[in-house]
Structures are given as C-alpha cells and as structure tokens.
Amino acid sequence: MYLPPHDPHVDDPMRFKPLFRIHLMERKAATVECMYGHKGPHHGHIQVCAAAGLGPHCPSEFRTWLREEWGRTLEDIFHEHMQELILMKFIYTSQYDNCLTYRRIYLPPSRPDDLIKPGLFKGTYGSHGLEIVMLSFHGRRARGTKITGDPNIPAGQQTVEIDLRHRIQLPDLENQRNFNELSRIVLEVRERVRQEQQEGGHEAGEGRGRQGPRESQPSPAQPRAEAPSKGPDGTPGEDGGEPGDAVAAAEQPAQCGQGQPFVLPVGVSSRNEDYPRTCRMCFYGTGLIAGHGFTSPERTPGVFILFDEDRFGFVWLELKSFSLYSRVQATFRNADAPSPQAFDEMLKNIQSLTS
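Predicted model only: the values in this text are computed from it and were never measured.

Time to look at the overall build of the chain. Broken down by element type, the chain carries eight helices and 16 strands. Per-residue burial for the chain yields a buried fraction of 49% across its 355 residues. Residue pairs in contact within the chain that sit at least 24 positions apart in sequence constitute 58% of those at least 6 positions apart. For the chain, the accessible surface area stands at approximately 17800 Å², while carbon and sulfur atoms represent 52% of it.

Here we take up the confidence of the model for the chain. On average, the chain scores 78 in pLDDT, and the residues at 70 or more come to 71%. Helix α6 (residues 227-230) is the least confidently modelled element of the chain, averaging 34 in pLDDT, while strand β15 (residues 311-316) averages 98, the highest of any element. Counting interchain partners and residues more than four positions distant, the pLDDT-below-50 stretch residues 48-58 has 26 contacts. Predicted confidence for residues 207-257 stays below pLDDT 50, and this span has 110 contacts to residues more than four positions away or in other chains.

Quick look at the side chain of Thr145 now. Relative to the helices and strands, Thr145 is located in strand β8 (residues 141-146). Setting aside anything within four residues of it in sequence, one finds Thr145 in contact with Ile132, Val133, Met134, Gly156, Gln157, Gln158, Thr159, Leu347 and Ile350.

We now examine the nonpolar core. One finds Ile168, Phe262, Val303, Ile305 and Phe322 to be the most contacted residues of the largest nonpolar core, which totals 24 residues. Among the secondary structure elements, those contributing two or more residues to this core are α4 (179-198), β13 (281-291), β14 (295-308) and β16 (321-327). The element best represented in this core is α4, accounting for six residues. Discounting chain neighbours no more than four positions away, the residues touching Val303 are Ile168, Leu182, Val186, Cys282, Phe283, Gly313, Phe314 and Val315. Counting residues in hydrophobic clusters, the runner-up holds 20 residues, among them Leu135, Ile289, Leu306 and Tyr325.

Of note, Tyr106 is situated in the loop between α2 (80-94) and β6 (119-124). For the pair Tyr106 and Ala342, spaced 236 residues apart in the sequence, the C-alpha separation amounts to 8.4 Å. With near-sequence residues (within four places) excluded, Tyr106 lies in contact with Met134, Ala335, Asp336, Ala337, Pro338, Ala342, Phe343 and Met346.

To continue, consider the packing of aromatic side chains. Counting across every chain of the model gives twelve aromatic pairs. Ring geometry for Phe262 versus Tyr275: centroids 5.9 Å apart, planes at 75 degrees, classification edge-to-face. Highlighted residues: Phe262 in the loop between β10 (260-261) and β11 (269-270) and Tyr275 in the loop between β11 and β12 (278-279), separated in sequence by 13 residues. Summarising the burial analysis for this pair, Phe262 and Tyr275 share the class buried.

Take the pattern of salt bridges next. One pass over the structure, following the stated rule, counts 14 salt bridges. With its nearest N and O atoms 2.7 Å apart, the salt bridge here joins Asp310 to Arg327. Remark: Arg327 occurs in strand β16 and Asp310 occurs in the loop between β14 and β15; sequence separation between them is 17 residues. Here the salt bridges share partners, and the residues they tie into one network are Arg141, Arg143, Glu161, Asp163 and Arg165.

Criteria and cut-off values
- Residues numbered from 1 in each chain as written.
- Predicted model: local features only at pLDDT ≥ 70, side-chain atom pairs only at ≥ 80, totals over all residues.
- Heavy atoms only, no water.
- Helix = DSSP H or I, 4+ residues; strand = E, 2+ residues; numbered from the N terminus.
- Buried < 20%, exposed > 50% of the residue type's maximum accessible area, 1.4 Å probe, protein only.
- Contact = heavy atoms within 4.5 Å.
- Areas by Shrake-Rupley, 256 points an atom, 1.4 Å probe, with all protein chains shown as cover.
- pLDDT = per-residue confidence, 0-100.
- Core = buried A, V, L, I, M, F, W, Y, C linked by side-chain atoms within 4.5 Å.
- Phe/Tyr/Trp six-rings, centres within 6.5 Å; stacked < 30°, edge-to-face > 60°.
- Salt bridge = Lys/Arg side-chain N within 4 Å of Asp/Glu carboxyl O.

Next comes the structure, spelled out in structure tokens:
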C-alpha cells in the first residue's frame with residue numbers, strides 16, 4: 001500500500017506499507033499472511049482476509065491509526081470539527097479492513113500536446129488530509145480522479161474538471177487578495193460556459209481535433225494582459241484549435257501568465273501555506289463537493305492554477321478553500337494502459353463502484 005505523506009507535507013515522498021505476503025510451497029500450494037490491520041501479521045486468504053477482528057470501536061486502535069496515518073496524536077488536534085472528520089475517516093476506512101478487493105489501475109496515457117505530463121498527484125483536502133488524485137487529459141478537458149477518497153467524496157469520483165478552452169487571466173497581485181474580485185471573474189466565465197453549452201459548444205469541444213463553435217474573441221485593442229480590468233478571457237485557439245494551443249500558451253511572455261505572481265485571496269483557507277508564489281497559467285474548472293456519505297453531490301466553480309510541471313492548485317470558490325497538488329515521484333512498473341480506450345474504460349469502472 002502506498003500512503004500519502006503526513007498532512008500537510010504534500011511535497012514529501014509517498015510511504016510504503018506491506019499488505020500481504022504469499023509463501024509458495026511445494027506441489028503448487030501456498031499460504032497467505034495478511035499484514036494489514038493494527039494487530040500485526042495473521043493468517044489470511046487471497047479471496048477473503050479476516051483482519052483479526054479490527055473494528056472502529058476500539059480507542060487504542062484509533063490512536064494507533066491516527067499516529068500512523070497522520071503523524072500526530074489526538075491531543076495535537078484542537079479543532080473539534082477536525083476531530084470529528086478524522087474520526088469519521090477512520091470509521092470509513094476501517095469498514096473495509098475485513099475484506100480487501102484489488103483492481104488494476106492504469107496510469108493515464110501521455111500525449112505531446114498535454115498541458116503537463118499526466119499522472120498521480122498528492123493533494124490537500126482540508127481536514128480530510130492528503131489524498132491521491134490521478135490527472136488525465138481528454139481533448140480540451142483535464143480531469144482529476146480520486147484514487148483515495150474520504151467520507152464525502154469516495155475514491156473513483158472525478159474531484160476536479162478543468163476546461164482548457166477557458167483561460168483565466170488573474171488580476172494584479174493586490175486585486176488577487178480580493179476574494180470578491182476572483183469570484184466575479186470566475187462566475188463570468190461560468191456564465192459564458194453555460195451559454196456555450198446551450199448553443200451546443202459543450203459537445204463539440206469534447207473530442208480531440210473536433211471543430212467547436214467560434215467563441216467571442218478579445219479585440220486587438222484589448223490584449224489579454226488587460227484582463228484584470230476586463231474579466232477573464234478564453235484560452236488561445238477558441239475557434240476550434242487543437243488542445244496543444246494551451247501548451248503553446250505556456251511558452252508565451254509573462255503577461256500571458258508564465259511567471260506571474262500569485263497569492264491566495266484573503267479568507268481562502270489552505271492546509272499548506274508554503275504554496276508557490278508564481279504560476280504559469282490558470283483555467284476555469286469545477287470541483288465535486290458532497291455531504292457525508294456522498295450525499296447531494298454537485299459540481300461547483302473554481303480555478304485551476306498551474307504552477308509548474310509537478311505542482312498545480314485548485315481554488316474551491318464555494319468552500320473558500322485551496323488544494324495544493326504535488327506529483328507522486330514514485331515509479332510503478334507495468335502500469336501503463338495498453339490503449340487510451342482501456343484507460344477510459346478503467347475510469348468508468350472505478351467511478352461506477354461508488355456512484
């Protein structure tokens with residue numbers, strides 16, 4: 001089992017924890033030793049593994065889990081709401097301790113025109129701690145799929161979706177601190193997206209290389225560098241250009257976003273204050289939120305911030321929260337998808353398990 005670092009150290013390496021061992025015997029016989037659970041190794045089966053009666057009701061087991069998973073004790077956590085969320089996550093994860101099911105996960109295929117290299121990222125999710133998200137590219141959209149989940153949004157769900165057709169130009173540094181200004185910019189883009197969907201632009205923009213409807217272009221007298229006073233602009237190539245145009249935009253001068261100073265608005269919470277202070281570009285996106293038990297899920301507007309090849313962020317507008325994502329540097333053998341179709345099918349399968 002690969003575990004994320006202790007919250008909120010998103011740039012730290014993954015942690016490794018053995019789950020089971022198979023001892024091969026003579027005459028094709030084998031024994032299975034389960035190493036999962038807080039009571040140490042015990043006999044198990046490859047189909048069903050009894051985790052030595054582990055349950056969410058034992059205080060000592062909760063404290064052990066808290067120390068191993070979070071790197072802290074219960075006394076270190078002063079916020080009552082955070083204590084409740086952590087306990088809920090313990091109960092959520094412990095209910096699967098008696099039976100572990102394994103399914104193959106492919107790493108996303110990569111194309112030269114992708115915004116950055118796709119793959120696995122560690123992300124901050126408030127009091128839920130760090131979670132693993134898979135970033136993949138699908139035409140003019142990018143998707144972040146949860147590989148690990150929490151009591152609100154389970155694994156397999158699409159946590160964020162980025163619309164690469166709609167570039168957001170951030171205002172100057174002083175105005176970036178104003179949450180209302182950022183909210184105004186994002187909501188203007190959301191309204192434009194809704195209008196395009198009504199006109200049929202949503203379906204036309206899904207596939208690679210397919211022509212979409214022509215979107216409104218800034219006039220020559222209104223260059224993109226003036227976007228702070230004009231509102232957000234769309235990404236280059238809005239008249240149906242290839243998704244690779246977004247990559248080309250990253251190589252344009254600083255006034256288009258590369259190396260632009262970045263700061264979170266006042267009032268937006270972040271688990272990690274050590275986030276990058278410059279960004280390359282930003283796009284409109286939506287994030288999935290829900291109540292406990294994945295009740296009443298809905299997609300809400302936000303901002304995807306590309307910092308560099310290995311880090312990006314997402315501002316959850318409705319939650320006034322910021323998630324920072326850092327690439328998983330560990331390498332996995334035999335994990336590449338045999339085809340893009342096989343990868344897409346895998347995404348559908350893992351999402352259907354929790355839908």
